[in-house]
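Structure at a glance
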Amino acid sequence: MKKLENKDVSLVHSMIPLGSCTMKLNSTTEMMACSNPLIANIHPFAPSEQTFGYRLVQLVDKTELQERQ
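Residues numbered from 1 in each chain as written. Predicted model: local features only at pLDDT ≥ 70, side-chain atom pairs only at ≥ 80, totals over all residues. Heavy atoms only, no water.

1. Structural notes on the overall build of the protein chain
Rules: Secondary structure elements are defined from DSSP: runs of H or I of at least 4 residues count as helices, runs of E of at least 2 residues count as strands, and each element is numbered from the N terminus. Each accessible area is a Shrake-Rupley result for a 1.4 Å probe, and residues are judged covered by the shown protein chains and nothing else.
In terms of regular secondary structure, the protein chain is built from five helices and zero strands. Across the protein chain, helices and strands are ordered from the amino to the carboxyl terminus as α-α-α-α-α. Surface summary for the protein chain: the accessible area is close to 6,900 Å², and the carbon and sulfur share equals 64%.

2. Observations concerning a nonpolar patch on the surface
As a reminder of what qualifies: Note on patches: the residues involved have over 30% relative accessible area and no salt bridge, like charges join within 9 Å, and the nonpolar side chains Val, Leu, Ile, Met, Phe, Trp and Tyr join within 5 Å. Salt bridges are counted wherever a side-chain nitrogen of Lys or Arg sits within 4 Å of a carboxyl oxygen of Asp or Glu.
Together, Phe52, Leu56, Leu59 and Val60 line one region of the surface with nonpolar side chains, adding up to about 380 Å² of accessible area. For Leu56, the position within the fold is in helix α5 (residues 52-68).

3. Some thoughts on the side chain of Thr51
How we decide: The contact criterion used throughout is that any non-hydrogen atoms of two residues lie within 4.5 Å.
Of note, Thr51 is situated in the loop between α4 (37-40) and α5. Those residues in contact with Thr51 that lie beyond four places of it in its chain are Ile42 and Ala46.

4. Some remarks on the confidence of the model for the protein chain
A low pLDDT score tells you not to read the predicted coordinates there in detail. How we decide: Residue-level confidence of the predictor, termed pLDDT, takes values from 0 up to 100.
With 75% of its residues at a pLDDT of 70 or more, the protein chain has an overall mean of 78. Taken element by element, the protein chain is modelled with least confidence in helix α2 (residues 22-25), mean pLDDT 61, and with most confidence in α5, mean pLDDT 87.

5. Some points on the environment of Asn41
To keep things clear, this is the line we draw: Think of it in three bands: residues with accessible area under 20% of the maximum for their type are buried, residues over 50% are exposed, and the middle band is partly exposed, with areas taken using a 1.4 Å probe on protein chains only.
Its place among the elements puts Asn41 in the loop between α4 and α5. What makes Asn41 partly exposed here is its relative accessible area of 44%. Separated by 14 residues in the primary sequence, Asn41 and Arg55 have C-alpha atoms spaced 10.0 Å apart.

In structure tokens, the structure reads:
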């Protein structure tokens, strides 16, 4: 039984390659929904004091795009 147990791969004996599971789970088709404007944009009724960081990121992105042109 011990011989069979030693053939099993575990974190005790080796490392699992990084990305082996997450790369499959976060495929492009699953991430496409994140760029949908209905999901990705700020909710119209969200209080402005709770959306400051998001609006700041949008402003920085817009500014950087204009500087590149």
